[in-house]
Amino acid sequence: REALATRVVVADGAMGTMLQAQDPSLDDFQQLEGCNEILNVTRPDIVRSVHEAYFSVGVDCVETNTFGANHSALAEYDIPERVHELSEAGARVAREAADEFTAGDGRPRWVLGSMGPGTKLPTLGHAPYITLRDAYQRNAEGLVAGGADALLVETTQDLLQTKAAVLGARRGLDVLGVDLPVIVSVTVETTGTMLLGSEIGAALTALEPLGIDMIGLNCATGPAEMSEHLRYLARNARIPLSCMPNAGLPVLGKDGAHYPLTAPELADAQEIFVREYGLSLVGGCCGTTPEHLRQVVERVRGVTPPERDPRPEPGAASLYQAVPFRQDTSYLAIGERTNANGSKKFREAMLEGRWDDCVETAREQIREGAHMLDLCVDYVGRDGVADMEELAGRFATASTLPIVLDSTEVEVIRAGLEKLGGRAVINSVNYEDGDGPDSRFARVSGLAREHGAALIALTIDEEGQARTPEKKVEIAERLIGDLTGNWGIRESDILIDTLTFTICTGQEESRGDGIATIEAIRELKRRHPDVQTTLGLSNISFGLNPAARILLNSVFLDECVKAGLDSAIVHASKILPIARFDEEQVTTALDLVYDRRREGYDPLQKLMQLFEGATAKSLKAGKAEELAALPLEERLKRRIVDGEKNGLEADLDSALVDRPALDIVNETLLDGMKVVGELFGSGQMQLPFVLQSAEVMKSAVAHLEPHMEKSDSEGKGTIVLATVRGDVHDIGKNLVDIILSNNGYNVVNLGIKQPVSAILEAAEEHRADVIGMSGLLVKSTVIMKENLQELNQRGLAARFPVILGGAALTRAYVEQDLHEIYEGEVRYARDAFEGLHLMDALIAVKRGV
Ligand code: B12
């Protein structure tokens, strides 16, 4: 640990090919050809010679020959019972080699106990999590018994398998009472994600809270493709980093595949990584040889890695992506429909075993703009564990959003955690039955810690639910102190729910409940800015009719967000922007929330009158009439702002009679989008409605596109166009596509969230003249800068001029700051037309006109 914290440690390179080179016989393999781990007992001399070859070029540590000493790999040879034996033998051979070299010159050498991925992907149901975890425990125990100094969970492709290995390793260490570092090395494919689609951010979010000591990358690609992921880790990971690339991407030649990266190239890459990203452990993987590692040792020995200043972002993760708990300009919406208690539709589907329909409810919420999904299967008389296994297993791959596991039963939560590779949130703990060793609080908190889950904690204690602000804050303080102090959970991973009760019963004692919740949130955020707050929102309006509930829920949420609320469990599309209600309705709802009764005025009575007989449908019909009364141009703009598609095409056709299609886009529709942006930015419009506006905008542009002028010229040049990594905004980029395509350019539109490796691959493949990147988030401006650095690093700057666009950029940032960094041509386009002019100019230069 100390070495990893203070200097660069160098590990070895490829093992398998080196073993094969010595041509072991079928007897050596005990007739199980290709089972390399057998050689640890039959031919330790061969295995040892590989270790020695690496130690003699100066590496500090070697990996044991135990990549396949796990359940699924050995089960392929029908010898799963030999996990411990072969692990121990492998570690022992490496230990002996290491000790011999240390004895020679006194320099410490270490043994990394390799825990490979096996051949099964538990997320896809290939093998049960528990079977894998328990076999990894034996794997770890064997490695420790044989003398390993650290456990290396490596080449992982499935986050659930990774978790099984880490938890198995941890259990093994606990049983043996030893404390060794656990290192995780994930494998990111050329696609830019792990095999099952996990982005590096999802991997970090899911794995770091498991208490691992180091995270890094190995295998699948050479160093070039790893660079952007390492950059992400350097910026976000709190723990040290490692990197063990292949010797490039294999090239198929007449003698089979060979790895093209030379030893000096690997040494170059590792030196840059150590200096730029502060790596602590470097080595090689497939195709790297002792010569590669000799040069790496020479190059990085003596280099002190720079101090990193990571900015971790607390959050949860699905299998695919990380979602931060703090959402810019919005609250984190936890979808409440996948709850057997809250949604009749979901419950019935679950009771009838219509699992696909359950998944469809999840998908609906994803489309509606939720950020996470609450999953609750609790229903009297059902086997909750079986239901949770079924649904969490399906959601694990079907949901792009992280899951909030919601149950009163500890075993149901456990069943969910054992199906999800990403990072879940557990809903919830409280002190209802105290905090003793067998309390629900202790058992659930223990699960959260073991699985690295975040935790919703309710302000309920042995005396019951807290109703006053003081009591709510007092219990919250107890929860925070307990969870951080006794259970090792970070403050930023605790979501305190200060509880909501209905304020709609008319009973005197419930009148102040809304205020109490708001005040508790405000005080809690003042005391603990890092803690997250959440609410089961819809309780507030229980008892009102559905139309009135939408109003009260929306208004109450808005007030809570102003007081510092970070997240809420809601039906996302039923929270309306405050601007969509009448002023009188909003004032009455606010009076109800803040209990502003006066002589002869009770806001509760008034609200019920206002909504008497009203249904969501009748309110919508009223809105449609209002819209129809507006002049055409206003109406089109309003359609964008309100996300109202009904009748859109007819309106656009009428507008086309007088004006060209492009003018309609530029002068009317984009004006509407601007209003949406302002409402959104000032917190007055929630995400699901921005999404609706965006859909209307897209439909409008699609309808107008055939009416746009097209130039006759063709093949003027090629641009590869993409929205950068982590950013989903594509309306502007798609407009650029239309304008450039209509003007004779060949546009390769890659879509959203594109990693730089995908952009560069497409640029090479299509022999692009120019690369165009779009990004609307402030974060994206940083990604663009990193992408340009990546182009520099790969020596591609001279070949590809770059045009950047999107609302978060400024001309000065691109033309001064980025211009200074980029070794090629980089330009800023305020809009699609400037993009067209720049394209003309850049192509003219390229063609030498
Ligand atoms: C619509 C929208 C969404 C939609 C996107 C739907 C879609 N398919 O695109 C949805 C609802 C999904 C969304 C989500 C989010 N959004 Co949003 N969104 C917007 C909004 C309101 C409008 C964007 C838009 O389409 N404008 C119209 C188009 C035509 O304009 P444009 O993109 O700028 O493009 C023009 C030029 O810039 C230029 N251009 C753009 N790219 C390129 C590229 C090249 C090569 C060239 C030549 C030119 C060019 O040409 C275009 C046409 O002339 C903006 C507000 C705003 N002011 O931009 C916020 C906004 C961008 N979003 C914002 C935020 C915060 C988010 C979320 C993080 C919210 C959340 N908490 O979940 C998520 C982000 C998720 C993610 N990972 O990306 C913030 C960003 C602020 C920040 N600090 O980073 C903004 C600015 C809102 C605000 N005022 O706070 N959003």
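Residues numbered from 1 in each chain as written. Predicted model: local features only at pLDDT ≥ 70, side-chain atom pairs only at ≥ 80, totals over all residues. Heavy atoms only, no water.

### Some remarks on the overall build of the protein
- Helix and strand counts for the protein stand at 32 helices and 27 strands.
- Computed over C-alpha atoms, the radius of gyration of the protein comes to 30 Å, within 12% of the 29 Å expected from 2.2 N^0.38 for 849 residues, which places it in the range of a compact globule.
- Along the first, second and third principal axes, the C-alpha set of the protein runs to 95 × 80 × 45 Å.
- Looking at the protein as a whole, 57% of its 849 residues qualify as buried.
- Pairs at least 24 apart in sequence give 76% of the contacts found in the protein among residues at least 6 apart.
- Surface exposure of the protein reaches about 33800 Å², of which carbon and sulfur atoms provide 50%.
- Mean positive and mean negative side-chain charge positions of the protein (85 and 130 charges, respectively) differ by 2 Å. (Helix = DSSP H or I, 4+ residues; strand = E, 2+ residues; numbered from the N terminus. Rg over C-alpha atoms; globule rule 2.2 N^0.38 Å. Buried < 20%, exposed > 50% of the residue type's maximum accessible area, 1.4 Å probe, protein only. Contact = heavy atoms within 4.5 Å. Areas by Shrake-Rupley, 256 points an atom, 1.4 Å probe, with all protein chains shown as cover. Lys, Arg positive; Asp, Glu negative; His and termini not counted. Charge placed at Lys NZ, Arg CZ, Asp CG, Glu CD.)

### Section: the UniProt feature "binding site: Zn(2+)" (unreviewed entry) in the protein
- Under the local residue numbering, the UniProt record ascribes the feature "binding site: Zn(2+)" (unreviewed entry) to Cys219, Cys285 and Cys286. In sequence the annotated residues extend across 68 residues, while in space they remain close, none of their C-alpha pairs exceeding 6.6 Å.
- Here Cys219 is to be found in the loop between strand 6 (214–218) and helix 10 (223–236).
- A relative accessible area of 14% places Cys219 in the buried class.
- Locating Cys285 in the fold gives a position in the loop between strand 10 (281–282) and helix 12 (290–300).
- Contacts of Cys285, omitting those with residues within four sequence positions, involve Gly13, Ala14, Asn218, Cys219, Met244, Pro245 and Asn246. (UniProt positions renumbered as here; feature names shortened; annotations may be inferred.)

### Quick word on the domain arrangement of the protein
- Looking at the protein, the domain boundaries give domain 1 (2–300), domain 2 (316–572), domain 3 (616–706) and domain 4 (711–846).
- Between the C-alpha centres of domain 1 and domain 2 there is a distance of 38 Å.
- Each partner contributes residues to the interface: domain 1 has 21 residues there, and domain 2 has 20 residues.
- The three residues of domain 1 that bury the most area against domain 2 are Thr123, Lys163 and Thr205, which together make up 26% of that side's buried surface.
- Notably, a salt bridge pairs Arg171 with Glu450, separated by 3.1 Å at the nearest N-O pair.
- Counting the contacts that link domain 1 with domain 2 gives 5 residue pairs in polar contact (both at pLDDT 80 or more).
- Put simply, the parts of the chain that give the side of domain 1 that touches domain 2 at least two residues each are helix 7 (129–146), helix 8 (159–176) and helix 9 (200–207).
- Here the side of domain 1 that touches domain 2 takes 5 residues from helix 8, the largest share from any one element.
- For the side of domain 1 that touches domain 2, the class distribution of residues is 11 nonpolar, 5 polar and 5 charged. (Domains from an automatic or database assignment. Buried area = accessible area lost by both parts, 1.4 Å probe. Salt bridge = Lys/Arg side-chain N within 4 Å of Asp/Glu carboxyl O. Polar contact = N/O pair within 3.5 Å; in protein donor to acceptor, adjacent residues only side chain to side chain. Nonpolar A, V, L, I, M, F, W, Y, C, P; charged D, E, K, R; others polar.)

### Some thoughts on the site of the ligand
- Contacts to the ligand come from 41 residues, most closely from Gln327, His729, Asp730, Ser774 and Val778.
- One of the backbone nitrogen or oxygen atoms of Gly806 is found 3.4 Å away from an oxygen atom of the ligand.
- Among the secondary structure elements, those contributing two or more residues to the shell around the ligand are helix 26 (661–681), helix 27 (687–704), helix 28 (731–742), strand 25 (770–774), strand 26 (802–805) and helix 32 (832–846).
- If you tally residues by element for the shell around the ligand, the top one is helix 26, at 6 residues.
- Per-class residue counts for the shell around the ligand are 21 nonpolar, 14 polar and 6 charged. (Near = heavy atom within 4 Å.)

### Topic: the sheet that holds strand 17 (residues 454–458)
- Reading across from one edge, 21-20-17-16-15-14-13-22 is the order of the 8 strands in this open sheet, with parallel pairing throughout. Every other strand in the sheet has two partners, leaving strand 21 (532–534) and strand 22 (567–570) as the edge strands with one partner each. The average undirected angle you get between the axes of adjacent strands in this sheet is 30°.
- Pairing geometry for strand 16 (residues 425–429) and strand 17, over 4 bridges, is parallel. Residue pairing for strand 17: Val425 is matched across the bridge by Ala454.
- Helix 15 (residues 384–398) rests against strand 14 (372–375) and strand 15 (403–406) of the sheet, and its axis sits at about 170° to strand 14. (Pairing = 2+ DSSP bridges. Axes fitted to C-alpha atoms, helices over the stretch in contact; angles between N-to-C directions.)

### Considerations on the layout of surface pockets
- One number sums up the size of the second largest pocket: a volume of about 1400 Å³.
- Forming the boundary of the second largest pocket are 42 residues, of which Glu336, Asn339, Gly536, Ser538 and Asn539 lie nearest the centre.
- Of all the elements in the fold, those that place two or more residues in the lining of the second largest pocket are strand 16, helix 17 (440–451), helix 20 (546–562) and strand 22.
- In terms of residue count, the dominant contributor to the lining of the second largest pocket is helix 20 (5 residues). (1 Å grid on protein atoms, 1.4 Å probe; cavity = no way out; pocket = protein on both sides within 12 Å on 5 of 7 lines; lining within 4 Å. Points joined across faces, edges and corners; volume = space filled by probe spheres on them.)

### As for the packing of aromatic side chains
- Overall, the coordinates contain 3 aromatic pairs when judged by the stated rule.
- Note on Phe55 and Phe101: the rings are 5.3 Å apart at their centroids and 35° apart in plane angle, and the pair reads as tilted. Placement of Phe55 in helix 4 (residues 44–55) and of Phe101 in helix 6 (residues 83–105) is noted, with a sequence separation of 46 residues between them.
- Directly above the ring of Phe501 sits Arg467, whose terminal nitrogen or CZ lies 5.2 Å from the centroid.
- Above the face of the Tyr431 ring, Arg478 is positioned so that its terminal group lies 3.6 Å from the ring centre. (Phe/Tyr/Trp six-rings, centres within 6.5 Å; stacked < 30°, edge-to-face > 60°. Lys NZ or Arg CZ within 6 Å of the ring centre and 35° of its normal.)

### Notes on the pattern of salt bridges
- In total, this model carries 71 salt bridges according to the counting rule given.
- With a closest N to O distance of 3.9 Å, Lys779 and Glu313 form a salt bridge. In this pair, Lys779 is assigned in helix 30 (residues 778–793) and Glu313 in the loop between helix 12 and strand 11 (315–317), connecting sequence segments 466 residues apart.
- Here Glu313 falls in the partly exposed class, since its relative accessible area comes to 45%.
- Note that Asp642 and Arg638 form a salt bridge whose closest N and O atoms lie 3.1 Å from each other. You can see Asp642 and its partner Arg638 sitting in helix 24 (residues 632–642), 4 residues apart, about one turn around the helix.
- Overall, Arg638 belongs to the partly exposed group, its relative accessible area being 26%.
- Taken together, the salt bridges that share partners define one network made up of Arg7, Asp60, Arg107 and Arg301.

### Quick word on the sheet that holds strand 7 (residues 241–244)
- The parallel open sheet is built from 8 strands, whose spatial order is 1-10-7-6-5-4-3-2. Unpaired on one side and paired on the other, strand 1 (9–10) and strand 2 (61–63) mark the two borders of the sheet.
- Here 3 bridges tie strand 2 to strand 3 (residues 110–115), and the two strands are oriented parallel to one another. Across the sheet, residue Cys61 finds its bridge partner in strand 3, namely Trp110.
- The strands touched by helix 8 within the sheet are strand 3, strand 4 (150–156) and strand 5 (182–186), with strand 4 carrying the most contacts at an inclination of about 170°.
- Those strands touched by helix 10 are strand 6 and strand 7, and its axis lies near 170° from that of strand 7.

### Here's the deal with unusual backbone geometry
- For the peptide bond that leads from Asn427 to Ser428, omega is 15°, which places it in the cis range.
- Here Ser428 lies in strand 16.
- A positive phi angle is found at Gln31, which is not glycine, with a value near 70°.
- Position of Gln31 among the secondary structure elements: in the loop between helix 2 (16–21) and helix 3 (39–42).
- Judged by relative accessible area, Gln31 falls into the partly exposed class, the value being 48%.

### Quick word on the nonpolar core
- With 85 residues, the main nonpolar core has Val59, Leu207, Ile212, Ile215 and Leu279 as its most contacted residues.
- The greatest single-element share of this core, amounting to 8 residues, is contributed by helix 8.
- Other than its neighbours up to four places away in sequence, Ile212 contacts Val166, Arg170, Val182, Val184, Leu207 and Ile239.
- Counting 50 residues, the second largest nonpolar core, distinct from the first, contains Phe395, Leu405, Ala457 and Val531. (Core = buried A, V, L, I, M, F, W, Y, C linked by side-chain atoms within 4.5 Å.)

### A short note on a nonpolar patch on the surface
- Taken together, Val175, Leu176 and Val178 make up a surface patch of nonpolar side chains, about 230 Å² in accessible area.
- Tracing the sequence through the fold places Val175 in helix 8.
- On the accessibility criterion, Val175 (57% relative accessible area) is exposed. (Patch = residues over 30% accessible without salt bridge, like charges linked within 9 Å, V, L, I, M, F, W, Y side chains within 5 Å.)

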